[in-house]
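Examining the three-dimensional arrangement
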Amino acid sequence: MQTHRRIRKKRLILLAILATSAGGCTATRAPTPPIVTAPLLSTSNPTDEITPAKSGRIAAAADEPVAPIRPVRYDDAAVFAAMNLTLVDEAENNVDAGDRDARQANQSPQLNPATHQPQSSELSSTQNETASSSGRPVEYFVGIALAGHPRIQAARHRVAAATNVIPQAKALPDPMFNNTFWPLHDQALQTAGGRIAHQMSLSQGVPWPEKRRAKAAIASREVQIAQAEVDRIEREVTESVRTAYYELWYATRAIQIVNETTDLVDDLTKVAEARYRSGGAQQDVLRAQLESDRLEDQRIQLTKQKQMAQADLAALLQQPVSMVPEAADDLGISDAPGQLDQLIASAEACSPELQGLAWEIQRDRERHRLACLQKYPDLQVGVNLSIVSDDDDVLSGVANGHDNLSFTVGTTLPIWRDKINAGIREAAHRTNSSTNRMEAERDSLYGRLRRLLAQADSLIEQRQLYEERIIPRTEKTLQLSVADYRGKRTDFYSLIETYRELLMFETQLARFDASLATTIAQINRTVGCPN
């Protein structure tokens, strides 16, 4: 018992030492504001004079404040506090069992540690059980993915990092302090006023005012480019979740079709056995049993496909091992996409790719303006102070020891025009490159929308054809084939072919539904407007 207490005292002393030495940067660090917003500079429409030859123009990306971002700050005190808690727990664990049992009996005799679990673990396990036991709509999984996907979080941190560049860009450079002194007394500089002990100077560089504004505008455009990247990643993650979900729904639906068809094959097997007992061919019985084995093989393949889709969806939800998602029975296909002109107009207003390129063009234009401003000089202002000594060792007989105060004003000389002109040409080429990239992205976006719209229209027509005509007629044909086979008016081969066609058509209809939903998700992702 005494040994444990000595150990505990030593650890408590260690805690005190750690607490006194854990200040570090935390003791002098200014408090971090809880929310940081981007002070964006208001400029003209980002797409003005970009694409005069195009009929469609991207909507103006207004200079609105960026969404609130919570920056990450590493606090040394918090780290040491966590360490202190760990050491305290270890010290308390060294208390003997008798004292621990007595303390627990006095505090909470009815507490059962086996049943008291952290709340976060209970919520996580409950969420997994809910997603595994019953099917969920696709919006449920999309919400989970958007709430905490690492790629989205990384993009938001890039926005926060770009936001903090703005005050750095528009700030003045650090001032310069200089002190010249003579350590050897008899070798110090002497004037008529006395010996110079120290020569101190303080100078500040003052760039041309428009240069600082241009740098701040460039940093502001970088924030808007980063925000457009966040929107693009969110649309991409949403499309990936929907695609994986629709594949899961198709595999689940196909397994249901196979299970329903198994009952039909069992009925056909019974019919073949009854006909065999009445003098029919044994080959029909064997063929029916073979069809049952083929269905089992198809079920195994579909189960593998379903498990792969579940793994893909769970990985997108940051739970690649524990979560077993299930799709709802209703696919929830939204309305058919609109006309091509409507989709193009929506894409011009919402596409993150086009918005990001528009801000890149604005950034490059600001860089071109900054390159042109290099023709103007920068100023340098300062103040000098010379401390003069008039002691007995001075050489001048009229030394009075008055300190000297002077001011300095300097300027840079932008005389190397070749360098400045090269920077202007570089900025102009970068602006033209961004403009051409935007033209190429617009053409590619129009082509994708046209192709996806044609694919969606084709799937809608095929789905309607199968649902209203092909499958009902095949079901009717199968009923007649079963009746003809019972009456010995057709062979078993024709009956099996009709059954196979029905299975194929029903599976194909499920594939049409999943493909149509995937195509609509791709259209929404290409357009970029939030759902």
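Residues numbered from 1 in each chain as written. Predicted model: local features only at pLDDT ≥ 70, side-chain atom pairs only at ≥ 80, totals over all residues. Heavy atoms only, no water.

**Considering the pairing of strand E3 (residues 194–206)**
Across six bridges, the pairing between strand E1 (residues 176–181) and E3 is antiparallel. When the sheet's bridge partners are listed, Phe-181 is paired in E3 with His-198. Bridge count for strand E2 (residues 190–191) against E3 is two bridges, and the pairing is antiparallel. By the bridge assignment for E3, Gln-190 is matched with Arg-195. By the bridge criterion, 11 bridges tie E3 to strand E4 (residues 379–389) in an arrangement that is antiparallel. Its bridge partner lying in E4, His-198 is registered against Ile-387. (Pairing = 2+ DSSP bridges. Helix = DSSP H or I, 4+ residues; strand = E, 2+ residues; numbered from the N terminus.)

**As for the state of the cysteines**
Inspection of the entire model under this criterion finds one disulfide. The partner cysteine of Cys-350 in its disulfide is Cys-529, sulfur to sulfur 2.1 Å. Residues Cys-350 and Cys-529 are joined by a disulfide whose S-S torsion is about 85°; by sign, that bridge is right-handed. In this pair, Cys-350 is assigned in helix H10 (residues 340–350) and Cys-529 in the segment after helix H13 (492–527), connecting sequence segments 179 residues apart. (Disulfide = S-S within 2.5 Å.)

**Details of the pattern of salt bridges**
On inspection of all chains with the given rule, the structure shows 28 salt bridges. Of the charged contacts, one joins Asp-364 and Arg-367 as a salt bridge, the two residues approaching to 3.9 Å between their closest N and O atoms. Placement of both Asp-364 and Arg-367 in helix H11 (residues 352–373) is noted, with a separation of three residues, approximately one turn of the helix. For Arg-367, a relative accessible area of 33% corresponds to the partly exposed category. A salt bridge links Arg-463 to Asp-513; the shortest N-O distance between them is 2.2 Å. (Salt bridge = Lys/Arg side-chain N within 4 Å of Asp/Glu carboxyl O. Buried < 20%, exposed > 50% of the residue type's maximum accessible area, 1.4 Å probe, protein only.)

**Side note on the packing of aromatic side chains**
Per the stated rule, a full pass over the model turns up six aromatic pairs. With centroids separated by 5.2 Å and ring planes inclined at 80°, the aromatic side chains of Tyr-140 and Phe-141 adopt a geometry described as edge-to-face. You can call Phe-141 buried: its relative accessible area is 0%. Arranged with centres 5.0 Å apart and planes meeting at 20°, the rings of Trp-208 and Tyr-376 form a pair that is stacked. (Phe/Tyr/Trp six-rings, centres within 6.5 Å; stacked < 30°, edge-to-face > 60°.)

**Focus: a negative patch on the surface**
On the surface, Glu-260, Asp-263, Asp-266 and Asp-267 cluster together into a negatively charged patch. Its location among the elements puts Glu-260 in helix H8 (residues 209–277). (Patch = residues over 30% accessible without salt bridge, like charges linked within 9 Å, V, L, I, M, F, W, Y side chains within 5 Å. Areas by Shrake-Rupley, 256 points an atom, 1.4 Å probe, with all protein chains shown as cover. Lys, Arg positive; Asp, Glu negative; His and termini not counted. Charge placed at Lys NZ, Arg CZ, Asp CG, Glu CD.)

**What about the nonpolar core?**
Counting residues in hydrophobic clusters, the biggest one holds 78 residues, and the most contacted among them are Val-241, Tyr-245, Leu-313, Leu-449 and Tyr-499. Counting residues per element, the ones that place at least two in this core are helix H5 (138–148), helix H6 (150–163), helix H7 (165–169), H8, helix H9 (282–316), H10, helix H12 (417–486) and H13. Broken down by element, the residue count for this core peaks at 21 residues, all from H8. If near-sequence neighbours (up to four positions away) are discounted, Tyr-245 is found in contact with Arg-136, Pro-137, Val-138, Phe-141, Leu-313, Ala-327 and Ala-328. (Core = buried A, V, L, I, M, F, W, Y, C linked by side-chain atoms within 4.5 Å. Contact = heavy atoms within 4.5 Å.)

**Brief notes about unusual backbone geometry**
Phi is positive for Gln-318, which is not a glycine, with a value near 60°. Mapped onto the elements of the fold, Gln-318 is located in the loop between H9 and H10. For Gln-318, a relative accessible area of 32% puts it in the partly exposed group.

**Focus on a nonpolar patch on the surface**
A cluster of nonpolar residues, Leu-385, Leu-405 and Phe-407, forms a patch on the protein surface that exposes about 330 Å² of accessible area. In this fold, Phe-407 is placed in strand E5 (residues 404–411). You can call Phe-407 exposed: its relative accessible area is 65%.

**Description of H8**
Across its 69 residues, H8 extends 103 Å between first and last C-alpha, which sits within 8% of the 102 Å expected from 1.5 Å per residue. With its phi angle positive at about 110°, Gly-279 sits one or two positions after the end of H8. (Expected span 1.5 Å × (residues − 1).)

**With respect to the confidence of the model for the protein**
Across the protein, pLDDT averages 76, with 71% of residues at or above 70. Overall, residues 1–7 carries pLDDT values under 50, and its contacts beyond four positions in sequence, including any with other chains, amount to four contacts. Contacts for the low-pLDDT stretch residues 13–126, under 50 throughout, to residues beyond four places or in other chains number 128 contacts. (pLDDT = per-residue confidence, 0-100.)

**Quick notes on the packing of H8 against H11**
Look at H8 against H11: their axes get within 9 Å of each other, and the N-to-C directions meet at 165°. One finds that H8 runs roughly antiparallel with respect to H11. In terms of crossing hand, the pair formed by H8 and H11 is left-handed. Looking at the contact of H8 with H11 residue by residue, the class counts come to nine nonpolar, four polar and 15 charged. (Axes fitted to C-alpha atoms, helices over the stretch in contact; angles between N-to-C directions. Parallel < 35°, antiparallel > 145°, perpendicular 65-115°, else oblique. Left-handed = near helix turned anticlockwise from the far one by under 90°. Nonpolar A, V, L, I, M, F, W, Y, C, P; charged D, E, K, R; others polar.)

**Thoughts on the environment of Glu-229**
Secondary-structure assignment places Glu-229 in helix H8. For the pair Glu-229 and Val-159, spaced 70 residues apart in sequence, the C-alpha separation works out to 8.9 Å.

**Some details on the packing of H8 against H13**
One way to put it is that H8 packs onto H13 with a least axis distance of 9 Å and a crossing angle of 170°. Taken together, the axes of H8 and H13 lie roughly antiparallel to each other. H8 and H13 meet at a crossing whose hand is right-handed. Looking at the contact of H8 with H13, its residues break down into 17 nonpolar, five polar and 11 charged.

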